[in-house]
Amino acid sequence: MAPFDIAGLFGETGAYLVYLAIGFCFGFILESSGFGDSRILAAQFYFRRLNVLKVMFTAIVVAMLLIFWSTALGLLDYNGIWVKPTYLWPGIAGGIIMGVGFILGGYCPGTSLVSAATLKIDGMFFLLGFFIGAIFFGETVEYIQRFWHSGYLGEFTLPELLGVETGVVVFLVACLALGMFLFFEWLRRVVYGVRK
Amino acid sequence: MNTLVEKTRYWNPYIGGVLLGILLFLSFFLVGHGLGASGGVHRVAVAIEDLVIPEHVDRTPYIAKMAGGERNPLSHWLVWEVAGILLGGFASGLLRGRVRLQTYHGPQITPGTRWAFALAGGVLMGYGARLARGCTSGQALSGGAVMSVGSWVFMFAVFAGGYGLAWFVRRLWQEA
């Protein structure tokens, strides 16, 4: 039953090639969706273009549904998949810093990769900055160990938080996504008129 | 902005989203975890650090876990995924004639200004992504799809930071 131990099946090199292939598809989809262009990404924050919201939330809902269904059908062992443990406070602080970095720099890490790969100079500068920021974190994390491990909740999921069945959360998240698409479309028309 | 031309150039976002969702599912289904980017980029940065100042890397606990002693920070699935992202992005751009040395910037600023802000934003993103233990791919997309509470909170924090500052820096992106 899935997920599989691909390193055991294909060896270390084989496993790396699987990751290379997954990454290839990821990069291809990002670039094809226009995410190598910082102007399209930044326009999300001015309600002018909704590509980021639409791609991201469509992807989350589709993946969530497929995981839910394949688990229900007994094809996928949900306990075998990796759920990132929650560290609440560093997650919030890091998220806000990244939001600021996003609007100033125009990319997130994955999108800066496809931007740099298509020779966009702003993407390359962003990536260089990312190197500096990540190295700085590695050098200074010793001083913030307590904060970096604060708000630890383990593998904590929305169904556990809300105390409802997983299926209910899947339904709610799908509704949330749909609601956001409609709301932001409406907002864009209010701010920029009917002109596309 | 000549949005009409650009609209036809890129995929419809819902189609891109569905394909990305299927890929994200396949990643969980096949290898047991989602997509990632920042962790791999970080490992490349640490590898460079390890080339220049290996003794220092051995003495710094957080990065010594990746590159201390004989450890090779590049022997990790995330690094291969990042290599794949670069290749996939390049291939997509090549097919559509978008591989071209240029700078994307708002209509009111020069490329030089754009580079400075891209660099500054990158620094913040690099620091923040390590602090939050993941980026838009690893936390928001992957954690979001498996309904991790931390990932959902993270996602809204990113949007809060972005939307909170957007109005003040609108000159960077908006038309006059």
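Parameters and conventions
Residues numbered from 1 in each chain as written. Chains lettered and ligands numbered in written order. Predicted model: local features only at pLDDT ≥ 70, side-chain atom pairs only at ≥ 80, totals over all residues. Helix = DSSP H or I, 4+ residues; strand = E, 2+ residues; numbered from the N terminus. Buried ≥ 20, exposed ≤ 12 C-beta atoms within 10 Å, placed from the backbone. Contact = placed C-beta atoms within 7 Å. Core = buried A, V, L, I, M, F, W, Y, C linked by C-beta atoms within 7 Å. Domains from an automatic or database assignment. Nonpolar A, V, L, I, M, F, W, Y, C, P; charged D, E, K, R; others polar. Axes fitted to C-alpha atoms, helices over the stretch in contact; angles between N-to-C directions. Parallel < 35°, antiparallel > 145°, perpendicular 65-115°, else oblique. Expected span 1.5 Å × (residues − 1). pLDDT = per-residue confidence, 0-100. Left-handed = near helix turned anticlockwise from the far one by under 90°.

Draft legend 1. Quick look at the overall build of chain B. Regarding its fold elements, chain B presents nine helices and zero strands. Its helices and strands taken in sequence order, chain B reads α-α-α-α-α-α-α-α-α from the N to the C terminus. Dimensions of chain B, computed from the C-alpha atoms along their principal axes, are close to 55 × 40 × 35 Å. For chain B, with 176 residues in total, the buried portion stands at 55%. Here the analysis covers contacts within chain B between residues at least 6 apart in sequence; of these, 53% occur between residues at least 24 apart.

Draft legend 2. Geometry of the nonpolar core. In this structure, M56, A59, I60, A63 and I67 of chain A together with L24 of chain B are the most contacted members of the largest nonpolar core, which totals 107 residues. Each of domain 1 (1-100) and domain 2 (104-176) of chain B gives at least three residues to this core.

Draft legend 3. How the structure looks around the interface of chain B and chain A. Across the contact, 109 residues belong to chain B and 108 residues belong to chain A. Going through the elements one at a time, helix 2 (13-31), helix 3 (38-52), helix 5 (61-67), helix 6 (77-95), helix 7 (111-131), helix 8 (136-145) and helix 9 (149-166) of chain B are the ones with two or more residues in the side of chain B that touches chain A. Class assignment for the residues of the side of chain B that touches chain A results in 66 nonpolar, 35 polar and eight charged.

Draft legend 4. Up close: the packing of helix 3 of chain B against helix 6 of chain B. Residues and elements named next belong to chain B. Contact geometry of helix 3 with helix 6 gives a least axis separation of 8 Å together with a crossing angle of 100°. Here helix 3 is positioned roughly perpendicular relative to helix 6, judged by the angle of their axes. Note on element contacts: helix 6 touches helix 3 through L78, V79, E81 and V82, opposite G39, G40, V41, R43 and V44. Considering only residue class, the contact of helix 3 with helix 6 consists of five nonpolar, two polar and two charged.

Draft legend 5. Fine view of helix 9 of chain B. For helix 9 of chain B, which comprises 18 residues, the first-to-last C-alpha distance of 26 Å matches the rise-based estimate of 26 Å (1.5 Å per residue) to within 8%. Among all positions in helix 9 of chain B, only V149, G150, S151, W152, F154, M155, A157, V158, G161, G162 and A166 of chain B are buried. The secondary structure elements touched by the buried residues of helix 9 of chain B are strand 1 (86-87), helix 4 (88-105), strand 2 (152-154) and helix 8 (158-162) of chain A together with helix 8 of chain B.

Draft legend 6. Region of interest: the domain arrangement of chain B. All names here are of chain B. Segmentation of chain B into domains returns domain 1 (1-100) and domain 2 (104-176). Each of domain 1 and domain 2 has a C-alpha centre, and the two are 17 Å apart. Taken residue by residue, the interface counts nine residues in domain 1 and nine residues in domain 2. Of all the elements, helix 3 adds the most residues to the side of domain 1 that touches domain 2, at three residues. In the side of domain 1 that touches domain 2, the residues fall into three nonpolar, six polar and no charged.

Draft legend 7. Fine view of unusual backbone geometry. Cis geometry marks the peptide bond from A2 of chain A to P3 of chain A, where omega comes out at -5°. Although it is not a glycine, L119 of chain A adopts a positive phi angle of roughly 65°. Among the structural elements, L119 of chain A can be located in the loop between helix 5 (109-117) and helix 6 (121-140). With a phi angle near 65°, M147 of chain B is a residue other than glycine that sits in the positive phi range. Tracing the backbone through its elements, the reader meets M147 of chain B in the loop between helix 8 and helix 9.

Draft legend 8. Inspection of the confidence of the model for chain B at higher detail. Residue and element names in this part refer to chain B. Taken over all residues, the pLDDT of chain B has a mean of 93, while the share at 70 or more is 95%. Within chain B, helix 1 (residues 3-9) has the poorest average pLDDT of any element, 54, and helix 7 the best, 98. Across the whole predicted complex the pTM is 0.95, and at the interface the ipTM reaches 0.96.

Draft legend 9. Layout of the environment of A45 of chain B. If you trace the backbone, A45 of chain B turns up in helix 3. Note: C-alpha distance between A45 of chain B and L74 of chain B (29 residues apart in sequence) is 9.8 Å.

Draft legend 10. Just the packing of helix 3 (residues 51-72) of chain A against helix 9 (residues 166-192) of chain A, in detail. Residues and elements named next belong to chain A. In contact at an axis separation of 10 Å, helix 3 and helix 9 are set at 160° when each is read in the N-to-C sense. Taken as axis vectors, helix 3 and helix 9 run roughly antiparallel relative to one another. By crossing handedness, the relation of helix 3 to helix 9 is classed as left-handed. On helix 9, the residues that touch L53, K54, F57, V61, M64, L65 and F68 of helix 3 are T166, G167, V170, V173, A174, A177, M180, F181 and F184. Classifying every residue of the contact of helix 3 with helix 9 by side-chain character gives 13 nonpolar, two polar and one charged.

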